[in-house]
Structures are given as C-alpha cells and as structure tokens.
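Take a look at the letters that make up each chain.
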Amino acid sequence: MLCAVSFHRYGRLYYLDPGELRPQVGDRVLVPTDDGPEVAECVWAAQWVTEDTDGFPRLAGLAQEDDLRRDETLRRRKAEAKVAAKRLIREHGLPMKVVAVDHALGGPDGGGERSTIYFTAPHRVDFRSLVRDLGATLHCRVELRQLSARDSARVQGGIGSCGRDLCCATFLNDFEPVTIRMAKDQDLPLNPLRISGACGRLMCCLKYEHPLYQKFQESAPAIGSRVSTPEGDGRVVGHSVPRDAVTVRLDADGSRCSCSRASVCGPRQAHDQHYTT
C-alpha cells in the first residue's frame, strides 16, 4: 500500500508506505526527514499497489496541533530568511538570486537552528561577508549553496512549453545527459527557443523518445533508397517514426503512400517471400 504526499502545493510528489494509517486527500501527515518528522499534505490517498513497497519510507503519523504549530513557525522562519537574504544581497551588491530557503528548527538533541539558502549566479561569488551578516540577522547558522540552471528550475518549478508542470519538479530524480544529436535524430528544429526548457538548457524530454528513433533508424530504409511496397515499387521520401512508417513515392504514377516499416524492410520481405513460395 502506498500514498503520495507533497510539502508544497503543486510540488514534487513523495511516495510513502502508510503502515497502519489510512490518510485521505487533504490530511496533514508527518514525513520522516533527516531533520526529523515534517508536515506534508496527502495528495493521493492510501491505495493497494502491485509493486513491492519494502523500499519506501513509512509515514511517521498524522500531524497533531503541536506539529501544525511547529510547521507554521518553520514556514515563517523560511519567509524571514528569504526576505533578509534578498535585502542583504542588494546591500552587498552581489549578482545573486535567491531561489529557495530551507530552515531547520533546533531539535531535542541540542542542534541549533540553521538556514540553508539556495541561489543562482552567473559565476562564483565571494559571499563570506554576506554569510556573517545573515547569521547576525537571523541569529542562526547560515549556509549558502549555489545551484545550476537545471537544479534551479527543479527547485522553483514552473510550466513547460508543453503546458504541463516541469518534469524535473515533479517526477525526474536524476538529470541524464541530453545532447543536440538527440534533437537532430528526431528531425526537430535546432532553434534554441524551440528545444530549450525553462532552465535554458536542452529539454530533458528530448531523451524520452530518442531510443525509439534510434531503433527505427537501425532497420528502416534510408531516405532516397528504393523499396518494394504492397502498392508497387518506389523511392523512400520520408519517415514517420511515431507511426512506425515510411513515405514512398511510387514509380507508376508519382503518388505517395505511407507503408509500415515492417512491410518495406529487407528482413520482413525475405521472411514473407520464404513463407509464400
């Protein structure tokens, strides 16, 4: 059995084993983290699934009034840290942009409060004096971490050119290499505005269908090659990978027809000939 929770509205989903609990959509639950249990909202009620759930973390319980008050304090401290960071960055004249803030309240183990401020910058920044001023303002230990363009998009979220939430902000766990060759193999326009994501880098989704195009190109006749189709001989003038078909201009009358890749590739033709003779 699994349920899905989110720490922020429209944010990344985290799947957990509810154990004996049966949270419903909208319930506030406790999720185990490195800094102790944190409050999240259930966005997918507990359901039976066919997959093995042994590797999923288990819910720590349903959030009580004390947990909700602590969560409200945590959100307020995050907001204060973000406002203070933006103000001090302006005062120091640093080329930095605050992307997100994490804050950990002091725990029973004696660990004090700390704020982690994530930022982007066009180059490496000397922020030692900024850290000192932030520590004095927020009265806690402060860490600054610079994010790459892709990590920044993941943290901030947004809407892609497809109209859906960014993949990196919803379900992608790791960034896999994406190259311009993938766009070329898929006959996509090499206009950076068309194939770049919100982060300014090549869209991660270019990799989703690329194996399909590679497999198609391994067996499909090349454009310009001559083939025999059920409608007659002709020359290949186009590929349609999503339909697993090729476009052929027939010799007889110059018309075009669309044929499945299997019907014009050599191995399939040899197979059909063998069993029809």
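What you see is a predicted model; the values in this text were computed from it and never measured. (Residues numbered from 1 in each chain as written. Predicted model: local features only at pLDDT ≥ 70, side-chain atom pairs only at ≥ 80, totals over all residues. Heavy atoms only, no water.)

Student: Help me get a handle on a nonpolar patch on the surface, residues and values and all.
Tutor: Taken together, Leu-13, Tyr-15, Val-43 and Phe-56 make up a surface patch of nonpolar side chains, about 310 Å² in accessible area. Mapped onto the elements, Phe-56 comes out in the loop between β4 (38–47) and β5 (61–62). We classify Phe-56 as partly exposed; its relative accessible area is 32%. (Patch = residues over 30% accessible without salt bridge, like charges linked within 9 Å, V, L, I, M, F, W, Y side chains within 5 Å. Areas by Shrake-Rupley, 256 points an atom, 1.4 Å probe, with all protein chains shown as cover. Salt bridge = Lys/Arg side-chain N within 4 Å of Asp/Glu carboxyl O. Helix = DSSP H or I, 4+ residues; strand = E, 2+ residues; numbered from the N terminus. Buried < 20%, exposed > 50% of the residue type's maximum accessible area, 1.4 Å probe, protein only.)

Student: Give a detailed account of the sheet that holds strand β6 (residues 97–104), specifying residues and quantitative values.
Tutor: A sheet is described by the order of its strands in space; here three strands give the open sequence β6-β7-β8, paired in mixed fashion. Edge positions in the sheet fall to β6 and β8 (141–146), since each has one partner strand and no second. Between one strand and the next, the sheet's axes are offset by a mean angle of 20°, whatever the strand orientation. Looking at chain direction, β6 and strand β7 (residues 114–120) are connected through seven bridges and run antiparallel. Among the inter-strand pairings, Lys-97 is bridged to a residue of β7, identified as Thr-120. Here helix α1 (residues 65–92) sits on the sheet in contact with β6 and β7, set at roughly 145° to β6. Its contacts with the sheet put helix α3 (residues 149–156) on β6 and β7, and the angle it makes with β6 is roughly 60°. (Pairing = 2+ DSSP bridges. Axes fitted to C-alpha atoms, helices over the stretch in contact; angles between N-to-C directions. Contact = heavy atoms within 4.5 Å.)

Student: So what about the environment of Val-101? Which residues, and what values?
Tutor: Note on placement: Val-101 falls in strand β6. Owing to a relative accessible area of 10%, Val-101 belongs among the buried residues under this scheme. In the structure, Val-101 is positioned 159 residues away from Ser-260 in sequence and 53 Å away in space, judged by C-alpha atoms. If we ignore the near neighbours within four places in the chain, the residues touching Val-101 are Lys-78, Ala-81, Lys-82, Thr-116 and Ile-117.

Student: Let's hear about the sheet that holds strand β2 (residues 14–16): which residues, and what values?
Tutor: Judged by pairing direction, the sheet is antiparallel, and its five strands sit side by side in the order β2-β1-β4-β3-β5 without closing on themselves. Looking at strand neighbours, the two that pair on one side only are β2 and β5, the edges of this open sheet. By the bridge criterion, four bridges tie strand β1 (residues 2–6) to β4 in an arrangement that is antiparallel. Residue pairing in the sheet places Ser-6 in a bridge with Glu-41 of β4. Across the face of the sheet, α1 comes into contact with β3 (28–31), β4 and β5 while running at roughly 75° to β3.

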